[in-house]
Amino acid sequence: MKHITALGRSNSKLLITLAFYCFPLHIRQVDFVFENPLFGVFFALFTPLLDPEVMSRIRFNGKNIKVLQETIHPDHLPVDLGGNLEMFSNQGWCEEFLEWDKWYEETNKFGFCVHEIGERQKEEQERTCRNERAWGKL
């Protein structure tokens, strides 16, 4: 839940505007199912940022999935929500992300480590930083 508080009001408003008005897909409704009770508390902080039209599109179902099933056809819901689709699994994504670890390890082998920098490179690096700071003041 730390990521919600880290957003701030202005970024939250931007995110909401992006999701409901700038995204090239019309969002008719957003349903939350099995949400954490604290989510409602944090959501209450953002409700003043929402238009009444957007608020009417958001539903908190909690553990009551019957309302969700009345709105969404069972052919479009996974089994754990009372539908006909197979259960969602993010195992494939997890495996793919873990494969990227090898790529990052290989990529980080190029270049040089900070502790291997000689005196000449340190002076050059300091000079570059001074120049960048000078340009930043302009």
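None of these values were measured; they are calculated from a predicted model. (Residues numbered from 1 in each chain as written. Predicted model: local features only at pLDDT ≥ 70, side-chain atom pairs only at ≥ 80, totals over all residues. Heavy atoms only, no water.)

Visitor: Can you walk me through the overall build of the chain in this structure?
Guide: Within the chain, the regular secondary structure consists of six helices and two strands. Starting at the N terminus, the α and β elements of the chain follow one another as α-β-α-α-β-α-α-α. In the chain, buried positions account for 16% of the 138 residues. In the chain, the proportion of contacts linking residues at least 24 apart, taken out of those at least 6 apart, comes to 53%. When the accessible surface of the chain is summed, it comes to about 11800 Å², and 59% of that surface belongs to carbon and sulfur atoms. (Helix = DSSP H or I, 4+ residues; strand = E, 2+ residues; numbered from the N terminus. Buried < 20%, exposed > 50% of the residue type's maximum accessible area, 1.4 Å probe, protein only. Contact = heavy atoms within 4.5 Å. Areas by Shrake-Rupley, 256 points an atom, 1.4 Å probe, with all protein chains shown as cover.)

Visitor: How do you make sense of unusual backbone geometry when you look at a structure like this?
Guide: One non-glycine residue, F34, lies in the positive phi region at around 55°. As for its position among the elements, F34 is in the loop between β1 (30-33) and α2 (37-46). Judged by relative accessible area, F34 falls into the partly exposed class, the value being 48%.

Visitor: How should I be thinking about the nonpolar core in this particular structure?
Guide: A general trend in soluble globular proteins is that nonpolar side chains are found buried together. The biggest cluster of nonpolar side chains holds seven residues, and these are I16, F20, F39, F43, L50, V54 and I58. Every element with two or more residues in this core is listed here: α1 (2-22) and α2. (Core = buried A, V, L, I, M, F, W, Y, C linked by side-chain atoms within 4.5 Å.)

Visitor: Is there a simple way to think about the environment of R57 in this case?
Guide: Residue placement: R57 occurs in the loop between α3 (52-56) and β2 (58-62). For the pair formed by R57 and V30, sequence separation is 27 residues and the distance between their alpha carbons is 6.0 Å. Residues contacting R57, with those up to four places away along its chain left out, are F20, H26, I27, R28, Q29 and V30.

Visitor: I'm lost on the pattern of salt bridges in this one. Help?
Guide: All chains considered together, the criterion is met by two salt bridges. The closest approach of N and O atoms between E53 and R57, which form a salt bridge, is 2.4 Å. (Salt bridge = Lys/Arg side-chain N within 4 Å of Asp/Glu carboxyl O.)

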